[in-house]
Amino acid sequence: METRTSSKKLGFLVYEAENAPRYYEIKKSLLKFIIYGLPLTTLVLLAVVLMGSVYFEQISERAKRKEPVIIKELRDNVSDLENRLAEAQVLTKNLEDRLAKGDTSTDIIRNTMGLFLPVPGMQDLTRTPNLAVENIEPVISGDRIQLKFNIINQTKDNQKLAGYIFVMMKHAGKIHVFPENSIEESEFKIKFNSGESFATQRFRPVDNVFFPYKSGNIEDFLFKVLIFSRTGDLLYKQLVSKKMAQ
């Protein structure tokens, strides 16, 4: 076999035993690709395939690790819905019993200064309260008085307590009520479920109670905290007198 070269091509003369010699030409660029490019391309493809397999394996492992988290979230959601359903069933049963009873405790009217609309079966449960209110402290903040306190759950096994909070401030013959818009203008009465909603199993701080304030002489301020259950029973009442600069 003889080889002749040109600037861009390589020529090959092939001799066979019984046949006439044959001449072949091939571009140098093609020959270089066959010698160098093809193996390099093969290596690159192998590397891409290897990296792809590693990447998809990592995705598979992440999915396996994440699956228990998703299952736990679903179980938690189901458990939360079951708890809400149980609470709704208990609340419905209490309302049915209350409506069947029909009467309203006269203690409710007396302990709430007659400001609250009575509903059938309302009871005064303040003699054996399931909660306590601690650290009641009025604080002067500019032109307002802020009343802070903590609700402590005292039920056995920390059963969930839920209801509505009202605070009244009496001074100089005027009564201010929190929440401000809880008084029905048409009847000048308060619905027990128009208060500040709360729910707790252990501890609930209250720090969003504000009343108007003007500085001046030191005078007595009277604060009354009332807490109702979700069905309208009076759970707690406390009267606090404080001397503050008026």
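Overview of the structure. (Residues numbered from 1 in each chain as written. Predicted model: local features only at pLDDT ≥ 70, side-chain atom pairs only at ≥ 80, totals over all residues. Heavy atoms only, no water.)

A few words now on the pattern of salt bridges. Evaluated as defined, the whole model comprises two salt bridges. Of the charged contacts in the structure, one is a salt bridge between Lys242 and Glu137, with a shortest N-O distance of 3.8 Å. On the criterion of sequence distance, the pair formed by Lys242 in strand E13 (residues 234-245) and Glu137 in strand E4 (residues 131-141) is long-range, its members being 105 residues apart. Residue class for Lys242 comes out partly exposed when judged on its relative accessible area of 26%. (Salt bridge = Lys/Arg side-chain N within 4 Å of Asp/Glu carboxyl O. Helix = DSSP H or I, 4+ residues; strand = E, 2+ residues; numbered from the N terminus. Buried < 20%, exposed > 50% of the residue type's maximum accessible area, 1.4 Å probe, protein only.)

So, on to the nonpolar core. In this structure, Leu131, Val133, Phe149, Ile151, Val167, Phe223 and Ile227 are the most contacted members of the largest nonpolar core, which totals 25 residues. Listed by contribution, the elements that provide at least two residues to this core are E4, strand E5 (144-153), strand E6 (161-171), strand E11 (203-212), strand E12 (218-229) and E13. Setting aside residues no more than four positions away along its own chain, Val167 makes contact with Leu147, Phe149, His176, Val177, Phe178, Val209, Phe211, Lys224 and Val225. (Core = buried A, V, L, I, M, F, W, Y, C linked by side-chain atoms within 4.5 Å. Contact = heavy atoms within 4.5 Å.)

The full count for this structure, using the stated rule, is six aromatic pairs. Note on Phe116 and Phe228: the rings are 4.9 Å apart at their centroids and 40° apart in plane angle, and the pair reads as tilted. Highlighted residues: Phe116 in the loop between helix H2 (106-111) and E4 and Phe228 in strand E12, separated in sequence by 112 residues. Taken as a pair, Phe116 and Phe228 share a single burial class, namely buried. Measuring from centroid to centroid gives 6.4 Å for Phe192 and Phe228, while their planes differ by 45°, and the two rings are tilted. Highlighted residues: Phe192 in the loop between strand E9 (189-190) and strand E10 (196-200) and Phe228 in strand E12, separated in sequence by 36 residues. Like Phe228, Phe192 is buried. Members of the aromatic cluster, joined through ring pairs, are Phe116, Tyr164, Phe166, Phe192 and Phe228. Looking at Arg144, its charged tip hangs above the ring of Phe210, at a distance of 4.0 Å from the centre. (Phe/Tyr/Trp six-rings, centres within 6.5 Å; stacked < 30°, edge-to-face > 60°. Lys NZ or Arg CZ within 6 Å of the ring centre and 35° of its normal.)

Coordinates in, geometry out; function isn't part of it.
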